[in-house]
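So you can see what is in the structure, the chains are spelled out below.
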Amino acid sequence: DVKVTQSSRYLVKRTGEKVFLECVQDMDHENMFWYRQDPGLGLRLIYFSYDVKMKEKGDIPEGYSVSREKKERFSLILESASTNQTSMYLCASSPSGTGPYSPLHFGNGTRLTVT
Amino acid sequence: GQSLEQPSEVTAVEGAIVQINCTYQTSGFYGLSWYQQHDGGAPTFLSYNALDGLEETGRFSSFLSRSDSYGYLLLQELQMKDSASYFCAVRGQAGTALIFGKGTTLSVSS
């Protein structure tokens with residue numbers, strides 16, 4: 001079974017702090033994704049990566065950056081946390097595959113509170 | 001850009017059938033997916049439609065009409081454990097990321 005592990009389930013940070021959210025997958029997947037989930041807004045794509053050292057902006061990249069130095073690890077960075085970044089953050093991975101579709105495998109999420 | 005519309009809430013009773021609709025707008029189209037998420041849990045993949053028609057997986061079925069930019073998830077013989085949020089998602093182009101709808105919360109009562 002694919003396992004996507006997010007380093008923290010709950011995190012509380014102060015405004016202005018630099019925050020790192022870590023995600024590791026154990027199935028050698030090429031693709032990794034960061035979404036945030038807010039009530040009534042669904043899952044919104046922040047950044048994704050198709051390979052080591054590669055990254056693509058999603059729909060809401062402002063205030064975030066990412067790092068993918070190793071295939072299994074994809075980090076989301078909040079350079080200077082703000083209260084409007086309080087949210088549930090979900091990491092996902094998928095194989096690149098040869099067909100048009102590869103299901104996403106999600107981690108259990110990190111609930112970040114910025115005070 | 002891409003956008004998806006689905007109802008925010010649906011309620012039903014055990015044993016019933018419920019249909020969750022999803023309409024989408026994308027510049028390209030590369031399949032409609034459905035995910036289920038229980039409270040406090042991770043979203044999990046349910047089904048995928050690339051071509052028009054019905055795909056059946058046990059009690060769940062998913063339908064797609066590309067000409068109408070429309071799909072639905074059909075849940076039959078509802079059980080309490082089906083109470084969850086259901087998200088439709090599209091990929092506008094091959095090799096791009098999934099974009100999700102805002103989700104439909106299904107409440108099943110006895």
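Everything here concerns the structure above.
Residues take numbers from 1 onward in each chain, read along the sequence in its written order. All chains are assigned letters beginning at A, and all ligands numbers beginning at 1, according to the order in which they are written. Confidence filtering applies because this is a predicted model: local features only for residues at pLDDT of at least 70, side-chain atom pairs given and counted only at 80 or more, and all residues used for totals across whole chains, interfaces and linings. The basis for every side-chain value is the complete set of non-hydrogen atoms in the structure, without hydrogens or water.

A. The arrangement of the sheet that holds strand β7 (residues 64–70) of chain A in detail. All names here are of chain A. Paired strands, as defined in this entry, are two strands with at least two bridges between them according to DSSP. Elements are defined by DSSP. Helices are runs of H or I of four residues or more, strands are runs of E of two residues or more, and each kind is numbered from the N terminus. Here we have four strands laid out as an open sheet, ordered β1-β3-β8-β7, and antiparallel in their pairing. The strands lining the two open edges of the sheet, one partner per strand, are β1 (4–6) and β7. Along the sheet, successive strands turn relative to each other by an average axial angle of 20°, direction set aside. One ladder, built from five bridges, connects β7 with strand β8 (residues 73–78); its direction is antiparallel. Its bridge partner being in β8, Tyr64 is matched across the sheet by Leu78. Working convention: axes come from line fits to C-alpha atoms, limited for helices to the stretch in contact. Angles between N-to-C directions cover 0 to 180 degrees.

B. Representation of the interface of chain B and chain A in the model. Contacts are assigned to residue pairs with any non-hydrogen atoms lying within 4.5 Å of each other. Tallying the contact residues gives 19 residues for chain B and 21 residues for chain A. Buried area: the accessible area, evaluated with a 1.4 Å probe, that two parts lose upon being put together, summed over both parts. Taking both partners together, chain B and chain A bury about 1600 Å²; carbon and sulfur atoms supply 59% of that area. What makes a salt bridge here is a side-chain nitrogen of Lys or Arg within 4 Å of a carboxyl oxygen of Asp or Glu, nothing more. Between chain B and chain A we count zero salt bridges in total. For this analysis, a polar contact is any N or O atom pair within 3.5 Å, provided that within protein one partner can donate a hydrogen and the other can accept it, and provided that sequence-adjacent residues contribute only side-chain to side-chain pairs. Joining chain B to chain A, the criterion identifies five residue pairs in polar contact (both at pLDDT 80 or more). Broken down by secondary-structure element, the contributors of at least two residues to the side of chain B that touches chain A are β4 (32–37), β5 (44–49) and β10 (99–100) of chain B. Counting residues per element, the side of chain B that touches chain A draws most heavily on β4(B), at three residues. Partitioned by chemical class, the residues of the side of chain B that touches chain A number 11 nonpolar, six polar and two charged. Classes in brief: Ala, Val, Leu, Ile, Met, Phe, Trp, Tyr, Cys and Pro nonpolar; Asp, Glu, Lys and Arg charged; the others, Gly included, polar.

C. Looking closely at the state of the cysteines. Cysteine sulfur pairs qualify as disulfides if the two atoms are within 2.5 Å. Tallied over the full model, the rule gives two disulfides over all chains. Paired by a disulfide, A:Cys23 and A:Cys91 hold their sulfur atoms 1.9 Å apart. Measuring the twist about the S-S bond at about -75°, one finds the A:Cys23-A:Cys91 disulfide to be left-handed. Taken together, the residues span a long stretch of sequence, with A:Cys23 in strand β3 (residues 19–25) and A:Cys91 in strand β9 (residues 87–94) at a distance of 68 residues. Neither A:Cys23 nor A:Cys91 differs from the other in exposure class; each is buried. The disulfide that involves B:Cys22 links it to B:Cys88, with 2.1 Å between the sulfurs. Burial classes follow relative accessibility: with a 1.4 Å probe on protein chains only, a residue under 20% of its type's maximum area counts as buried, one over 50% as exposed, and anything between as partly exposed.

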